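# Survey of secondary and tertiary structure
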Amino acid sequence: MKIYNTYIMTVSTVLLLGTVIMTAMHVNSLATYYTVYAAAALTITELFIYLNSQARHNLNIISVMLFAGFLVALSLQIVKILT
């Protein structure tokens, strides 16, 4: 199996498990879902970056987009707390 297939299968499995766990815990906040998804995907992406140097560029782009989305969710929560 190629590294990309392993990466996709790993991310899919972890996100599915995260969804099942959060659903079982009755989480209703979309920001919480996104934060958990982004943290899981960033962690797995960082692990795979060191396994294959050819995939580093594309995975870095994914990491930047996930982190930007996390910052948006965080800033929305800060604005909600301050108002």
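It should be noted that the structure appears before, not after, this text.
Residues numbered from 1 in each chain as written. Predicted model: local features only at pLDDT ≥ 70, side-chain atom pairs only at ≥ 80, totals over all residues. Heavy atoms only, no water.

This paragraph deals with the environment of Ile-44. Considering the arrangement of structural elements, one finds Ile-44 in helix H2 (residues 30–49). The class for Ile-44 is buried, based on a relative accessible area of 9%. Setting aside chain neighbours within four positions, we find Ile-44 in contact with Tyr-7, Thr-10, Val-11 and Val-14. (Helix = DSSP H or I, 4+ residues; strand = E, 2+ residues; numbered from the N terminus. Buried < 20%, exposed > 50% of the residue type's maximum accessible area, 1.4 Å probe, protein only. Contact = heavy atoms within 4.5 Å.)

Before going further, it helps to spend a moment on the nonpolar core. Formed by Tyr-7, Val-11, Ile-44, Phe-48, Ile-49, Ala-55 and Leu-59, the largest nonpolar core amounts to 7 residues. With 3 residues, the top contributor of residues to this core is H2. (Core = buried A, V, L, I, M, F, W, Y, C linked by side-chain atoms within 4.5 Å.)

Moving on, we get to the side chain of Thr-45. Within the fold, Thr-45 resides in helix H2. There is a polar contact of 2.6 Å between the side chain of Thr-45 and the backbone oxygen of Ala-41. When residues no more than four places from it in sequence are discounted, the contact partners of Thr-45 are Tyr-7, Leu-59 and Ser-63. (Polar contact = N/O pair within 3.5 Å; in protein donor to acceptor, adjacent residues only side chain to side chain.)

It is worth spelling out helix H3 (residues 56–82) at this point. Between its terminal C-alpha atoms H3 stretches 38 Å, which fits the 39 Å expected from 27 residues at 1.5 Å a residue. Buried within H3 are the following residues: Leu-59, Ser-63, Leu-66, Gly-69 and Ala-73. Here the buried face of H3 lies against helix H1 (3–24) and H2. (Expected span 1.5 Å × (residues − 1).)

Inspection of the secondary structure puts Ser-63 in helix H3. Beyond its immediate stretch of four places on either side in the chain, Ser-63 contacts Leu-42, Thr-45 and Glu-46.

Bringing H1 into the picture now. Counted at 1.5 Å a residue, the expected span for H1 with its 22 residues is 32 Å, and the 31 Å between its end C-alpha atoms agrees. Looking only at H1, the buried set comprises Tyr-7, Val-11, Gly-18 and Met-22. Take H1 and look down its axis: the buried residues cluster within an arc of 30 degrees, on one side only. Exposed residues lying more than 90 degrees from the buried face of H1 are Met-9, Leu-16, Val-20 and Ala-24. Two residues or fewer past H1, His-26 is found with a positive phi of approximately 60 degrees. (Arc of directions from axis to C-beta.)

What follows covers the environment of Phe-70. Turning to its location among the elements, Phe-70 is positioned in helix H3. Sequence separation of Phe-70 and Ala-39 is 31 residues, and the distance between their C-alpha atoms is 8.5 Å. In this structure, Phe-70 is in contact with Tyr-34, Thr-35 and Ala-38, ignoring residues within four places of it in sequence.

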